[in-house]
Amino acid sequence: MNSGIDLQGTFIESLRDLGIPAGTAKAIWMPLPMILMLIGATVGVLVATWLERKISASAQQRIGPEYQGPFGLLVPVADGLKLVFKEDIVPAKSDPWLFTLGPIIVVIPVFLSFLIVPFGQNIVISNVGMGVFLWIALSSIQPIGLLMAGYASNNKYSLLGGLRAAAQSISYEIPLALAVLAIAMMSNSLDTVDIVNQQSGYGILGWNIWRQPIGFLIFWIAALAECERLPFDLPEAEEEIVAGYQTEYSGMKFGLFYLGSYVNLILSSLLVAILYLGGWDFPIPLNLIAGWLGVSELNPVFQIVTAALGITMTVFKAYLLVFVAILLRWTVPRVRIDQLLDLGWKFLLPVGLVNLLLTAALKLAFPFAFGG
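Under an unreviewed UniProt entry, the chain has the name NAD(P)H-quinone oxidoreductase subunit 1 and belongs to Nostoc cf. edaphicum LEGE 07299. The UniProt entry for the chain carries the following comment under Sequence similarities (unreviewed entry): "Belongs to the complex I subunit 1 family." As stated in UniProt under Subunit (unreviewed entry), the record for the chain gives "NDH-1 is composed of at least 11 different subunits."

As structure tokens, this is what we get:
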């Protein structure tokens, strides 16, 4: 298997060649991936909001943004500037500390989750052995911030939205965890890099979506519910509860909720791509392509091309799923709160349990195909 280009090792070795001690070189490296993560996630949000406008316009036979920059690309920048400079209003009888902490607690876990997202064999900020479990643990913190924001606003509509967010998150985290357990069982690991490696070698035929079609659907539906995307945006349903937990928020505090929502959508799409669509894997195995070209897999130029293709494939698969999520928003009607809870508890949970048991049986019966 191609070990891939080691960015961290190459960077540290280059600094050591310049006479910088190993400890200092590692200290210089440490903040760079985190800065890249923040920049990448922010740019991803700008692209997602622009796509939201363009895709919704196409679905409704409109033009969408055109004049604010080429193809309307500066509209998301204008949105960001507007939110930064807008007046920050705190309700008179609210709890100011909890009111401020709410959006912060919502955003931080989502950004931290990017630490475990791999874009290549060695292109990952933190290759922890329990990466998927860490993501599930971090995502379970977000509803606390939503409930805190709803409670601290001293507004019945905000409180109702916060309660709905907590109920929705609990309902859909369990089926989502069951889908992840099935993948972990097949991969014999919770490490995101190991999960992608387990799918590699056979191109598109080795991707988990063919062995886990039910798990893929469960995970995608639960991820949309976690991101509060239509048809699951009950915590902020404007027709029923004004704007839910966001009702009393303005300025950059509202901007953090907005940012967290889109970052969470991109993160969920990236994780679906990693768990079910082969991550950075090309549809045709790259070792076959190297053989056809007569190039060694250890060739430095081939490794650089492989790393670039890996990043491109991961981002392409993720944004394909973002496109599907946006299209769903503009084509599927919102469900009622009782339908939402029934879907989670009465359908996805039992189907997730059956899928997990079926995966275990197939793993014992066909170990060569299901990671025995």
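This is not the end of the story, as more comes after the structure.
Attention now goes to the overall build of the chain. Helices and strands together make up the secondary structure of the chain, namely 16 helices and 0 strands. Taken over C-alpha atoms, the radius of gyration comes to 22 Å for the chain, in line with the 21 Å a tight globule of 372 residues would show. In terms of overall dimensions, the chain has C-alpha extents of about 65 × 55 × 45 Å along its principal axes. The buried share of the chain, taken over its 372 residues, is 49%. When contacts within the chain are restricted to residue pairs at least 6 apart in sequence, long-range pairs at least 24 apart make up 78% of them. Summed over all atoms, the accessible surface of the chain reaches about 18,000 Å², with 72% contributed by carbon and sulfur. On the chain, the mean spot of the 19 positive side-chain charges and the mean spot of the 24 negative ones are 4 Å from each other.

Summarising the element assignment, Val 132 is placed in helix 6 (residues 131-139). For Val 132, a relative accessible area of 1% corresponds to the buried category. Along the chain, Val 132 and Tyr 319 lie 187 residues apart, while their C-alpha atoms are 20 Å from each other. The residues touching Val 132, leaving out its near neighbours within four places in the chain, are Val 180, Leu 190, Thr 192, Ile 195 and Leu 275.

Looking at the secondary structure, you find Ser 200 in the loop between helix 9 (192-199) and helix 10 (208-211). Within the structure, Ser 200 has its side chain in polar contact with the backbone oxygen of Asn 197 (distance 2.7 Å).

Turning to the UniProt feature "transmembrane region" (unreviewed entry) in the chain, a few remarks are in order. Under the feature "transmembrane region" (unreviewed entry), the UniProt entry names residues 28-51, 96-117, 123-149, 170-189, 209-225, 256-280, 300-327 and 347-370. Taken end to end, residues 123-149 is 63% helix and 0% strand, and its two terminal C-alpha atoms sit 36 Å from one another. In residues 347-370, the share of helix is 79% and the share of strand is 0%. The end C-alpha atoms are 25 Å apart.

This part covers the layout of surface pockets. As a volume, the largest pocket reaches approximately 760 Å³. Elements that contribute at least two residues to the lining of the largest pocket include exactly helix 1 (7-17), helix 3 (31-59), helix 13 (251-276) and helix 15 (300-329). Looking at the lining of the largest pocket, the element that brings in the most residues is helix 3, giving 8 residues. Counted by class, the lining of the largest pocket contains 22 nonpolar, 6 polar and 1 charged residues. Within this model, the second largest pocket holds a volume of roughly 560 Å³.

Turning to the pattern of salt bridges, a few remarks are in order. Applying the stated criterion across every chain, the model contains 8 salt bridges. Across the pair Asp 233 and Arg 334 runs a salt bridge, and its minimum N-O distance is 2.7 Å. Here Arg 334 lies in the loop between helix 15 and helix 16 (337-365) and Asp 233 lies in the loop between helix 11 (213-226) and helix 12 (238-241), a separation of 101 residues in the sequence. For Asp 233, a relative accessible area of 8% puts it in the buried group. Here Lys 346 ties to Asp 342 by a salt bridge, and the two come within 3.7 Å at their closest N and O atoms. Taken together, the positions of Lys 346 and Asp 342, both in helix 16 and 4 residues apart, correspond to about one turn of that helix.

Here we take up helix 4 (residues 75-85). Within the span of helix 4, buried status applies to Val 75, Pro 76, Asp 79 and Leu 83. Seen from one end, helix 4 has its buried residues packed into an arc of 100°, which puts them on one side. Summarising the contacts, the buried residues of helix 4 are in contact with helix 3 and helix 13.

Time to look at a nonpolar patch on the surface. Residues Leu 46, Leu 74, Val 77, Leu 81, Val 84, Phe 85 and Met 252 make up a contiguous nonpolar surface patch of about 660 Å² in total accessible area. Broken down by element, the residue count for the nonpolar patch peaks at 4 residues, all from helix 4. By secondary structure assignment, the location of Val 77 is in helix 4. For Val 77, a relative accessible area of 38% puts it in the partly exposed group.

Once that is clear, we can look at the packing of aromatic side chains. Tallying each qualifying case throughout the model produces 10 aromatic pairs. A connected cluster of aromatic rings, assembled from ring pairs, spans Phe 99, Tyr 245, Tyr 249 and Phe 257.

This brings us to the packing of helix 8 (residues 156-187) against helix 16. In the contact formed by helix 8 and helix 16, the axes pass within 9 Å of each other and the chain directions differ by 10°. Of the possible angle classes, the one that applies to helix 8 and helix 16 is roughly parallel. As for the relative orientation of helix 8 and helix 16, their crossing is left-handed in sense. Considering only residue class, the contact of helix 8 with helix 16 consists of 20 nonpolar, 6 polar and 2 charged.

Once that is clear, we can look at helix 8. Between its first and last C-alpha, helix 8 extends 46 Å over 32 residues, near the 46 Å set by a 1.5 Å rise per residue. Of all the bends found along helix 8, the most pronounced is centred on Glu 173 and spans about 25°, while Pro 175, a proline, follows it within four residues. At the N-terminal end of helix 8, a side-chain oxygen is found 2.7 Å from the backbone nitrogen of Tyr 157, two or three residues along, and the residue is Asn 155. Residue Asn 188 follows helix 8 closely and has a positive phi angle near 55°.

Rules and cut-offs
- Residues numbered from 1 in each chain as written.
- Predicted model: local features only at pLDDT ≥ 70, side-chain atom pairs only at ≥ 80, totals over all residues.
- Heavy atoms only, no water.
- UniProt positions renumbered as here; feature names shortened; annotations may be inferred.
- Helix = DSSP H or I, 4+ residues; strand = E, 2+ residues; numbered from the N terminus.
- Rg over C-alpha atoms; globule rule 2.2 N^0.38 Å.
- Buried < 20%, exposed > 50% of the residue type's maximum accessible area, 1.4 Å probe, protein only.
- Contact = heavy atoms within 4.5 Å.
- Areas by Shrake-Rupley, 256 points an atom, 1.4 Å probe, with all protein chains shown as cover.
- Lys, Arg positive; Asp, Glu negative; His and termini not counted.
- Charge placed at Lys NZ, Arg CZ, Asp CG, Glu CD.
- Polar contact = N/O pair within 3.5 Å; in protein donor to acceptor, adjacent residues only side chain to side chain.
- 1 Å grid on protein atoms, 1.4 Å probe; cavity = no way out; pocket = protein on both sides within 12 Å on 5 of 7 lines; lining within 4 Å.
- Points joined across faces, edges and corners; volume = space filled by probe spheres on them.
- Nonpolar A, V, L, I, M, F, W, Y, C, P; charged D, E, K, R; others polar.
- Salt bridge = Lys/Arg side-chain N within 4 Å of Asp/Glu carboxyl O.
- Arc of directions from axis to C-beta.
- Patch = residues over 30% accessible without salt bridge, like charges linked within 9 Å, V, L, I, M, F, W, Y side chains within 5 Å.
- Phe/Tyr/Trp six-rings, centres within 6.5 Å; stacked < 30°, edge-to-face > 60°.
- Axes fitted to C-alpha atoms, helices over the stretch in contact; angles between N-to-C directions.
- Parallel < 35°, antiparallel > 145°, perpendicular 65-115°, else oblique.
- Left-handed = near helix turned anticlockwise from the far one by under 90°.
- Expected span 1.5 Å × (residues − 1).
- Bend = angle between axes of the 7 residues up to and from the residue.

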